[in-house]
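Given next are the chains, with one letter for each unit.
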Amino acid sequence: STRHCPWKMNQFPPKSPVASSVSESTNSRGEALDNLSMDSFWLEVENIKQSAEGEQEECSLADVKTQEEGEAEAEWLQDAGLSELLGDAGSDKDNLVLLSTLTRTQAAAVQRRLDTYSRSRRRRNKHPVRDVRDIFGVASEDTAAEKEESSPDPLWHNLRTPNTQRKTQDYSCTVRNPGKEEVFNMDVAYSEQAAVLLKGSFLSESRKSKDGNGLTRFKIPKGRLGVTRIGDLSAQDMKKIPTLALIELTALCDILGFELKRNKAAKLKTTEKRLFGVPLNTLLENDQKLLPNTKVPLLLQALLSCLEKRGLETEGILRVSGSQTRIKSLEQKLERDFYSGLFRWDEVHQNDVSGLLKRFIRELPAPLLTAEYLPAFAAVQNIPDLKQRLQALNLLILILPESNRNTLKALLEFLSKVVARENNNKMNLWNVSTVMAPNLFMHKGLPNKIPEGKEKQLAEGAADVVRMMIHYQDLLWTVSSFLVAQVRKLNESNNKRYQFCDKRIKNLLRKIHADKDKVEKNQGEPSKIVKVHASLLLKDSLEVHLNNATRVADVLRQFQKNLCQNGWNIVNTVNLLKCNNSTECSNLLLYEVGGNIGEHCLDPDTYLLDLYHINPHAEWIIKQNPSYPRMF
């Protein structure tokens, strides 16, 4: 088969296709500015082509091949943690646990793919898989009709509208008020929200606004249980999130009438290099030998640090390309001297450092957004409603492997700092987005089949996705409350599955569950006395009287007060943060540990009596914030 390497980018014109249209758009100054704003995108494409000249044009990822009917569904079920449903009827205990946590729309998404897989197996006269009615106890829906034949996955055009759902769609829109703050609900599954909104009208956002000032502002309403950020959950619980997020993303796309298509997982080739062109996981493994607990490659940290110190004020930073000859020479020096500490960052020009940064991202053997989900990221632009585009992005980021997600976050945080210095560096949000989009969405190992005449539209769409990731990154790096609730249900169900032969243990468990039932029946109790542990700070636990108004911040203040009254010297090193006329210990955190959660760093605004009712068997432990220097 023929490999398609987008380094040549034959699908793109050699220079901006809008250059001539700018002079013809004198009647609309806004439209002309929109056209001009894409010049950075096409210039970056040209720079990428030039940087690859003379290099061996070899793709490091496998070609995307046409899948047989049912193959995509089988892969999806496997990635969703439901692979046993494809065969053995006797090994479905884990599946039943997962299925029991799903919402109505999520269960429908699973059922739809089981229907399709079942039909494909029957056509091939293979042993039939289990009927979906044996699993869900309901008849299959009419929406699971014959699957349309699909072509190989082009990067830019992978969401399509099935015939079975086009009739029910209603994309009537009312225009959003730019700059207005709206609520971003994370308590209810996105797909359930979409099902309700489908019959109404969507709020559309004008995409002509290229800066961040005119973008809609979203606020996550804090419920009684607070907000959970990525990093607040234990590694054990975070492993459950991608599976749940994939099912929810698929359910959301089903409701909106789009088909989510993914590339096959990449098969990476080994390289003799140590920095550029090395898989993220390999880089991190090597870096962690030097610096344990490293979450972002040390080279990327060094590149970003150098640019933050000397490049944020540079006019045209990221857009103005450094010398390709110098950049390639610097790459060789880094390969040789970086880990020995002999590389002299102070002697490198800022534009060359930005060139190295973009080259590092492009040279990754697999895209930073992953080969599997790069098409889905690109296709977010096809969702008409801004809030639903952000919902899809939020789920996609949760699906990413931890190393990719941490690296992407470090990059986006730096890009936000560039935008914040716009007055000096002349790089606004849209400028930065158009420059970075080709580096994130063009990859030499994936085909880039762009429909004729769609170049500008798709380029703007890719830049818009990058713009959303930069501008809304705080929102996107949040774990929705409904996903946390599903993790709790999974943990509870798994805890109940253990089989014991010892009758004494069985009796103990009965007593525990009986006590839990009593707690659940008395969830309306107005107060409760609990113990909070702080083994690193105090030998004795702290008794806390909970009522409906007790928050995590109140407990941390009470803990600090207890330290003061006992004359501990520790309190002199406690940093205080005044916010909303309240004082909080900014270097102390309260964790929920055990019960139906692994470990959960709690939002300061979490109401603890509500949390106690949800997880009565957890311990509460005060720890030092890992981002602060240790006090001992």
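Everything quoted here is computed from the prediction, not taken from an experiment. (Residues numbered from 1 in each chain as written. Predicted model: local features only at pLDDT ≥ 70, side-chain atom pairs only at ≥ 80, totals over all residues. Heavy atoms only, no water.)

**Q** Please explain the environment of Leu82 as it appears in this structure.
**A** Turning to its location among the elements, Leu82 is positioned in the loop between helix H4 (71-79) and helix H5 (93-99). By relative accessible area, Leu82 is classed as buried at 0%. Separated by 161 residues in the primary sequence, Leu82 and Thr243 have C-alpha atoms spaced 9.5 Å apart. (Helix = DSSP H or I, 4+ residues; strand = E, 2+ residues; numbered from the N terminus. Buried < 20%, exposed > 50% of the residue type's maximum accessible area, 1.4 Å probe, protein only.)

**Q** Could you clarify how one ought to interpret the nonpolar core in this entry?
**A** If you look at soluble globular proteins, the nonpolar side chains tend to sit buried side by side. Residues Leu318, Phe377 and Phe441 are the most contacted members of the largest nonpolar core, which totals 129 residues. Val530, Leu546, Val555 and Leu609 belong to the second largest nonpolar core, which has 21 residues in total. (Core = buried A, V, L, I, M, F, W, Y, C linked by side-chain atoms within 4.5 Å.)

**Q** Which parts of the structure should I look at to understand the pattern of salt bridges?
**A** Once the charged atoms of two side chains with opposite charge are near each other, the side chains can pair. Per the counting criterion, the structure on display carries 26 salt bridges. Measuring nitrogen to oxygen at the nearest pair gives 3.3 Å for the salt bridge that ties Glu192 to Arg104. Placement of the pair is Glu192 in helix H9 (residues 190-197) and Arg104 in helix H6 (residues 104-123), with a sequence separation of 88 residues. The class of Arg104 is exposed, set by a relative accessible area of 57%. Note that Arg112 and Asp254 form a salt bridge whose closest N and O atoms lie 2.6 Å from each other. One end of the pair, Arg112, is in helix H6; the other, Asp254, is in helix H11 (residues 241-256), with 142 residues separating them in the sequence. A single salt-bridge network, built from bridges that share partners, covers Lys222, Arg551, Asp554, Arg557, Asp603 and Asp605. (Salt bridge = Lys/Arg side-chain N within 4 Å of Asp/Glu carboxyl O.)

**Q** Can you help me understand the pairing of strand E12 (residues 597-601) in this one?
**A** For a regular strand, side-chain orientation follows a simple rule: the groups alternate between the two sheet faces. Bridge analysis of strand E11 (residues 588-594) against E12 gives 4 bridges, and the strand direction is antiparallel. Bridge assignment links Tyr591 to a residue of E12, and that residue is Cys601. Adjacent in sequence and paired antiparallel, E11 and E12 are bridged by 2 residues, among which Gly595 carries a positive phi angle near 75 degrees. (Pairing = 2+ DSSP bridges.)

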